[in-house]
Amino acid sequence: MAESEVDLESVQYEKHREAGEILAQVREETAERVEVGASHLEVAEYAEDRIRELGGKPAFPVNISIDEEAAHATPSIDDESTFGEEMINLDIGVHIDGWLADTAITVDLSGNPELAEASEQALEAAIDVIEPGIETGEIGAEIEDVIDGYGFNPVVNLTGHGLGHWEQHTSPNIPNRAVSQGTTLEVGDVVAIEPFATDGGGKVSEGASEEIFSLEREGNVRNRQAREALSQITDEFRTLPFATRWLETDRAEMALRRLKRNDNVHGYPVLKEDDGYLVSQKEHTLIVTENGCEVTTR
């Protein structure tokens, strides 16, 4: 997009900002509720309800990742899990009419503050270098350098990303390590930068559990519950991720199995490091401006 074509005061960018403002407040309020003995489900539902109260909508289910988990973990409908002395990542998203903001924070109850600090400082270093013309590989180099300096590894197969209209992950990918070829950022780009730091090897793999899904394609479905679920998905969530617990049809899990078998939806398995290791995460959304960037989720 040429600079002359970008109006950073347009309705689109105002909605990104509004989403970010709601999200910054909800992130802080939700993080304060994370303590030993608190319920995962109650914390997730608090955040999602609070987003709606403040005039936004959840852009995806609140991710609550514990210890070796890095992403895509969210409570099930009857989840009884409570927090222990663990490393907890909260990843939360808001949209206003499909224009998004995305943020994450680590709440460390495990006694490993340096790991949480590594991802936080890596994010600050990345934000400091962002301006029009910078390559995403250079941003990754800043992130890697800070995390290495703490004696940890960046998670190399998770990246930051662009935010589109009704699209949570669009180009460009923003790596968490130095890469020789990248994409050049331009004025008006809306991106989420999210360093992940770990005391493990730095690669996550798919676990067995799956509570988050998104629409793959519409189509005719014979089963009533599956049909009701698909109708809600296409009307309410469109292409954004949703949780099993958000579906209003009875027997939601069975309905989702049918929709998945029919290729109407696809699932997001929990992504995790090897057992026994920890992952921290910190994320902000920003708009690239002529002089640098504007962080919408501060």
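Along every chain, residues carry numbers that run from 1 in the direction the sequence is written. Per-residue local features of the predicted model are confined to residues with pLDDT of at least 70, and side-chain atom pairs are confined, for both listing and counting, to 80 or more; whole-chain, interface and lining totals are unaffected and use all residues. Only hydrogens and water are removed before side-chain values are computed, so all heavy atoms of the structure are retained for them.

I tried to follow the pairing of strand S15 (residues 292–295) on my own but got confused; where do I start?
A regular strand places its side chains on the two faces of the sheet in alternate fashion. Should DSSP find at least two bridges between two strands, the strands are taken to pair. Secondary structure elements are defined from DSSP: runs of H or I of at least 4 residues count as helices, runs of E of at least 2 residues count as strands, and each element is numbered from the N terminus. Here 4 bridges tie strand S14 (residues 284–289) to S15, and the two strands are oriented antiparallel to one another. Counted as the bridge partner of valine 288 is cysteine 293 from S15. Linking S14 to S15, which pair antiparallel, is a turn of 2 residues.

I'm lost on the UniProt feature "binding site: a divalent metal cation 1" (unreviewed entry) in the chain in this one. Help?
UniProt positions are given in the numbering used here, feature names are shortened, and annotations may be inferred rather than shown by experiment. Mapped onto the present numbering, the UniProt feature "binding site: a divalent metal cation 1" (unreviewed entry) falls on Asp91, Asp102 and Glu283. Across 193 residues of sequence, these annotated residues stay compact in space, with a maximum C-alpha separation of 8.0 Å. Looking at where aspartate 91 falls in the secondary structure, it is placed in strand S3 (residues 87–96). Residue classification places aspartate 91 among the buried positions, given a relative accessible area of 9%. What makes two residues a contact is simply this: any of their non-hydrogen atoms within 4.5 Å. Beyond its immediate chain neighbours, meaning those up to four positions away, aspartate 91 contacts Phe60, Pro61, Val62, Asn63, Asp102, Thr103, Ala104, Glu194, Gln281 and Glu283. Mapped onto the secondary structure, glutamate 283 falls in the loop between strand S13 (279–281) and S14. Relative accessibility under 20% of the residue-type maximum defines a buried residue, over 50% an exposed one, and the middle range a partly exposed one, all with a 1.4 Å probe and only protein chains included.

Help me understand the domain arrangement of the chain, please; the structure alone is not making it clear to me.
Note on interface size: it is often stated as the accessible area lost on association of the parts. Start and end positions for the domains come from either an automated domain assignment or a database one. You can read the domains of the chain as domain 1 (11–207 + 272–295) and domain 2 (212–268). Taken over C-alpha atoms, the centre of domain 1 sits 26 Å from the centre of domain 2. Listed by partner, the interface residues are 21 residues for domain 1 and 12 residues for domain 2. Here the quantity called buried area is the total loss of accessible area, with a 1.4 Å probe, experienced by two parts when brought into contact, counted for both. For domain 1, the biggest contributors to the area lost against domain 2 are Pro61, His72 and Trp166; these three give 47% of the whole. By definition, a salt bridge exists where a carboxyl oxygen of Asp or Glu is found within 4 Å of a side-chain nitrogen of Lys or Arg. Here arginine 245 ties to glutamate 48 by a salt bridge, and the two come within 2.7 Å at their closest N and O atoms. What qualifies as a polar contact is a pair of N or O atoms within 3.5 Å, subject to a donor-acceptor requirement within protein and to the restriction that residues adjacent in sequence count only when both atoms come from side chains. Inspection of the region where domain 1 meets domain 2 yields 5 residue pairs in polar contact (both at pLDDT 80 or more).

I tried to follow the pattern of salt bridges on my own but got confused; where do I start?
A pair can form between side chains of opposite charge whenever their charged atoms are brought close. Scanning all chains against the criterion turns up 12 salt bridges. Across the pair aspartate 49 and arginine 52 runs a salt bridge, and its minimum N-O distance is 3.1 Å. Highlighted residues: aspartate 49 and arginine 52, both in helix H2 (residues 40–53), separated by 3 residues, approximately one helical turn. According to the relative accessible area criterion, aspartate 49 is partly exposed, its value standing at 41%. The class for arginine 52 is partly exposed, based on a relative accessible area of 39%. Ionic pairing is found between arginine 224 and aspartate 250, a salt bridge with its closest N-O pair at 3.6 Å. Within this pair, whereas arginine 224 is found in helix H5 (residues 224–237), its partner aspartate 250 is found in the loop between strand S11 (242–243) and helix H6 (252–261), the two being separated by 26 residues in sequence. Of the residues examined, arginine 224 reaches a relative accessible area of 39% and is grouped as partly exposed. A relative accessible area of 40% places aspartate 250 in the partly exposed class. Salt bridges here are not isolated pairs; linked through shared partners, they connect Glu14, Arg17 and Glu294.

Would you mind going over helix H4 (residues 136–149) with me for this structure?
Residue pairs spaced three or four apart in an α-helix point in one direction, given the helix's 3.6 residues per turn. Helix length check: H4, at 14 residues, gives a terminal C-alpha distance of 20 Å against a target of 20 Å (1.5 Å per residue), a fit within 8%. Within H4, the full set of buried residues consists of Thr136, Gly137, Ile139, Gly140, Ile143, Val146 and Ile147. On the buried face of H4, the contacting elements are helix H3 (113–129), strand S5 (153–154), strand S7 (167–174), strand S8 (190–193) and strand S9 (196–198). With its phi angle positive at about 90 degrees, glycine 151 sits one or two positions after the end of H4. Multiplying 1.5 Å by the residue count of a helix minus one yields the expected span of that helix.

Is there a simple way to think about the sheet that holds S5 in this case?
Strands in a sheet are paired, the pairing made by backbone hydrogen bonds, and the direction either parallel or antiparallel. What the 3 strands build is an open sheet, ordered S5-S9-S13; its pairing is antiparallel. Bordering the open sheet on either side are S5 and S13, each of which pairs with just one other strand. Across 3 bridges, the pairing between S9 and S13 is antiparallel. Along S13, the bridge assignment pairs phenylalanine 196 with glutamine 281.

Looking at this structure, I do not really get unusual backbone geometry. What am I missing?
Note on backbone geometry: most residues besides glycine have negative phi, and most peptide bonds are trans. A cis amide bond links serine 171 with the next residue in sequence, proline 172, at an omega value of 5 degrees. Residues other than glycine seldom take positive phi values, yet histidine 72 does so here, at roughly 70 degrees. The exposure class assigned to histidine 72 is partly exposed, which follows from its relative accessible area of 22%. We note that arginine 251 has phi near 55 degrees; this positive angle belongs to a residue other than glycine.

Quick question: what am I supposed to make of the UniProt feature "binding site: a divalent metal cation 2" (unreviewed entry) in the chain here?
Those residues carrying the UniProt feature "binding site: a divalent metal cation 2" (unreviewed entry) are Asp102, His161, Glu194 and Glu283 in this numbering. The largest pairwise C-alpha distance within this set of annotated residues, which runs over 182 residues, is 10.7 Å, so the set is compact in three dimensions. Histidine 161 gets classed as buried once you look at its relative accessible area, which sits at 0%. Apart from residues no more than four positions distant in its own chain, histidine 161 is found in contact with Asp102, Gln168, His169, Thr170, Pro172, Ile174, Val190, Val191, Ala192, Glu194 and Glu283. Here aspartate 102 takes part through its side chain, which lies 3.3 Å from a polar atom of the side chain of histidine 161. Examined against the element boundaries, glutamate 194 turns out to sit in the loop between S8 and S9. Look at glutamate 194 and you get buried, because its relative accessible area is 5%.

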